[in-house]
Every structure is written in structure tokens, then in C-alpha cells.
Amino acid sequence: MKNTTQSENRQTIALNLENFVHELIVESPGRINLIGEHIDYNGGHVLPAAIDKKIKLYLKRNNTRKCNVWSKNFDNGFSFSIDDVGISNVEWENYILGVIHYIDQIYPGSIHGFDCIVESELPMGSGLSSSAALECGIATGLNNLFAIGLTKDEIIHLSRDAEHNYVGTKCGIMDQFTVVRGQKDRLILLNCQNLEYRMIQADLEPYHLVLLNSNVSHNLASSEYNNRRADCEAALAIIEKDHPNYHYLVDVPEDVLKSFKEDLTPTMFDRAAYVIQENRRTQLAAEALEKGFFEEFGRLLFESHHGLRNNYEVSCEELDFMVDYAKTQKGVLGARMMGGGFGGCTINVVHKDEISSYIERISIAYRKQFGIDLTPIEVSISDAVEVIK
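Note that the structure is a prediction, hence the values are computed from the model and not measured. (Residues numbered from 1 in each chain as written. Predicted model: local features only at pLDDT ≥ 70, side-chain atom pairs only at ≥ 80, totals over all residues. Heavy atoms only, no water.)

Draft legend 1. Broad picture of the overall build of the protein. Secondary structure assignment for the protein yields 10 helices and 13 strands. Seen through its C-alpha atoms, the protein measures out along the principal axes to roughly 60 × 55 × 40 Å. When the 389 residues of the protein are sorted by exposure, 58% land in the buried category. Pairs at least 24 residues apart make up 74% of the contacts formed inside the protein by residues separated by at least 6 positions. Surface summary for the protein: the accessible area is close to 15900 Å², and the carbon and sulfur share equals 46%. Charge separation in the protein, taken as the distance between the mean sites of 37 positive and 55 negative side-chain charges, equals 2 Å. (Helix = DSSP H or I, 4+ residues; strand = E, 2+ residues; numbered from the N terminus. Buried < 20%, exposed > 50% of the residue type's maximum accessible area, 1.4 Å probe, protein only. Contact = heavy atoms within 4.5 Å. Areas by Shrake-Rupley, 256 points an atom, 1.4 Å probe, with all protein chains shown as cover. Lys, Arg positive; Asp, Glu negative; His and termini not counted. Charge placed at Lys NZ, Arg CZ, Asp CG, Glu CD.)

See below:
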């Protein structure tokens, strides 16, 4: 396959789900991350889970060399030759094109022409990782449709590579790992350095997880995400000159980091301090959940947001407003921004008896402050991506 900058034969198409006779359906979940934001690409611990809000993909073979993909949410689609897969100037197309490219790298010639309709329950830019859901969903669907033989690990890694090199976001491995390996009612304590993990019971009763979508996106997430990663890599490179045994930023003890304060820029120092502290917070949060120390868990969420706002600088005034508001409210144990930042959702741990009144109060306050309606999303912990015949 050619890796061109823009496929010459790509065309717009239209597919109608009502008249579409699919061979299989894939349900691919979004993901939440309770704590450990921006830690996966720094080799640390994260605490994600797959959720019951999903992307559905309807697929069938068409016995040609053409691939036709239609998005119900965007109300448009595109067509391309399987023999000419290149990077598109339309971002969402690249999640699919990149996956096809990397499957072909592993198993050349394994994919043939197909038709696909995509229908999503995941709001774009909300921090629920609709990108990983789409990548892993299309990889799983094509794997089944053409009996390719991809393993779960191959799907995780090729989906991550697609996002790196076709979309241009240098994400870690957490999102794809969670979409592929999530389990109902389980959180994943994942060590992103070696991909060792263990499942933790997601039992917060009488508290529930409530996402509040700010419905803002400040168009900084992709570029600033990559900048944050570059800041961390630069800090580690300086520290490694004297400490070559530290291969990831999370491995650096905090006292060692402090000894480099004069060698690092203030920005690099703040980024590194956040990463080291957040990795430890994530481990403490997992312990607190396992022991039923929910108030301690909530406190760690608030601390996490403080670090994201002040040290990592990926929050925004809308997210800060919602977290500050949550601190004053009865029945709310903790809250923080979730996802890459600069918009999207906060995750809130709220007593089940207070959920309705809390949502009503914060919705009124948020609208008064910003003139925007926020969107509440109650979620439950779900299984990984799966094929439904």
C-alpha cells in the first residue's frame, strides 16, 4: 500500500443504514480514566475502565477492491481503493485509514473491499476516547470479517500506531488497551511501562460516577498534548545524563527531580513534578478503592485536578469552574478534569441520592457563568470491544 499524503481516488459516498445488510456489528466502548492523566506516555500507572457508551460499526464485504465508510454522526463518508491507502486531510478518516495501513503491514493483502457504517454514542472531544474506540472497533471488525488472525495485543499496538502516524497525536497506550481489555464492573490498574495490569472491583456504592461534559473544546488539545509530551521527554533527557538508570519520568524520585531544579526550565520542572506526583496518586487511589476508603479516593481526585491545572496546565476555566463548584457541594467526594484537556468532561464521584439535585445545581451555575449548557453523562463500567453477529 502506498502511504501518500492524500489518496488520489478518494471519493465522497453515501450509505443508508436502513437498507444496509451487514454481516457483523462491532460494539466498541469509550473509556474513562479515574486518575492518572497524561501518565501513560510517561511510563506510569493509570486507572481506566471501558464504559457502556459505545461506537457501533456495521460491516460487510463487497467483493471489490473498494472500501466505503459512512459516518451517521458526521452525515458524510468516503470511498478509497484498498490498494491506495494514504493519509487524508480529513482527521476522522485517518483513524480508519491508519488502522488499515498497519494491519497490512502485519498481514499484507489480508483486507479486501468492504462497506462500513459508523454510529457513535460518544461525543467528540469529550475525553471519552472516541478515537481509540473507532480504531480498535475497525481493527476488530476487519479482523473478524476477513479472518485475519490479529491478537488483542496487535490490535492495541497497531491502533496506537495509527493515531501516532496517521492522525498525529502522540498518545500513550492506555486508551487502546482499555478498549480492547476492559471488563464489566472492573477498573484496570495498568502499568504503562510494561503493560502489566490487574483488575480492581469497581464498587463505589453508594457513590456513582457522573461525567459532566463542558461542551467546549479550545482547539489546543492535539498540539498542546504533543507539546506536553515533548516537555517531559526533554526533562528526562537532562536527568538521564546523570542518572542513566531512569528510563521513564515516573522512575525519578521526587528528591532527585528537586536536585535538577536549576537545570530544568520552570515549565519542564512543573511538568515532571506533576507526572511523578500523579503516578503516586494513582497507586494510592487504587489502594483506597480496594480498601473502601472512598473519601481518600475523592481527595486524590481533587489533588489530581490541582496538578493538571497548575503544573501540567491542560485545564481551562470551564473545567476549573466545575471542579471548584464540586468542592462546595454535598454528596460529592471528588472531581477532576478527564482526558487530554482544554475542554471535555469532568469526572465526579457523587452519592446516588444527590445526583439529580447536584446536576441541576451545577447546570444552572455553569449556564449562568458561561452561557453554555453542560451535558451530564452517567456511566457504568462495561466490557471491551466485541463482535455481535
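Draft legend 2. Focus on helix α2 (residues 130-145). Taking 1.5 Å of rise per residue, the 16 residues of α2 would be expected to cover 22 Å, and the 22 Å separating its terminal C-alpha atoms lies within 8% of that figure. Note on α2: the residue one or two positions beyond its end, A147, has a positive phi of about 50 degrees. (Expected span 1.5 Å × (residues − 1).)

Draft legend 3. Quick peek at the pattern of salt bridges. Using the criterion set out here, one finds 24 salt bridges in the structure. Between E23 and R61 there is a salt bridge, and its shortest N-O distance comes to 2.6 Å. You can see E23 sitting in the segment before β1 (24-33) and its partner R61 sitting in strand β3 (residues 48-61), a full 38 residues away along the chain. Judged by its relative accessible area of 41%, R61 falls in the partly exposed class. The residue D153 makes a salt bridge to R181 at a minimum N-O spacing of 3.1 Å. Residue D153 is found in helix α3 (residues 152-167), and its partner R181 is found in helix α4 (residues 174-181); the two are separated by 28 residues along the sequence. Within the structure, one salt-bridge network assembled from shared partners comprises R309, D320, D324 and K327. (Salt bridge = Lys/Arg side-chain N within 4 Å of Asp/Glu carboxyl O.)

Draft legend 4. Structural context of the sheet that holds strand β9 (residues 207-217). Judged by pairing direction, the sheet is antiparallel, and its 4 strands sit side by side in the order β10-β11-β9-β12 without closing on themselves. In this open sheet, the two strands that pair with only one neighbour each are β10 (332-338) and β12 (375-378). Across this sheet, the average inter-strand angle for adjacent strands is 25 degrees, counted without regard to direction. The pairing of β10 with strand β11 (residues 343-351) spans 6 bridges and is classified as antiparallel. Paired with A335 across the two strands is N348, which belongs to β11. Helix-sheet contacts for helix α9 (residues 317-327) involve β9, β10 and β11, and the interaxial angle to β11 is about 10 degrees. (Pairing = 2+ DSSP bridges. Axes fitted to C-alpha atoms, helices over the stretch in contact; angles between N-to-C directions.)

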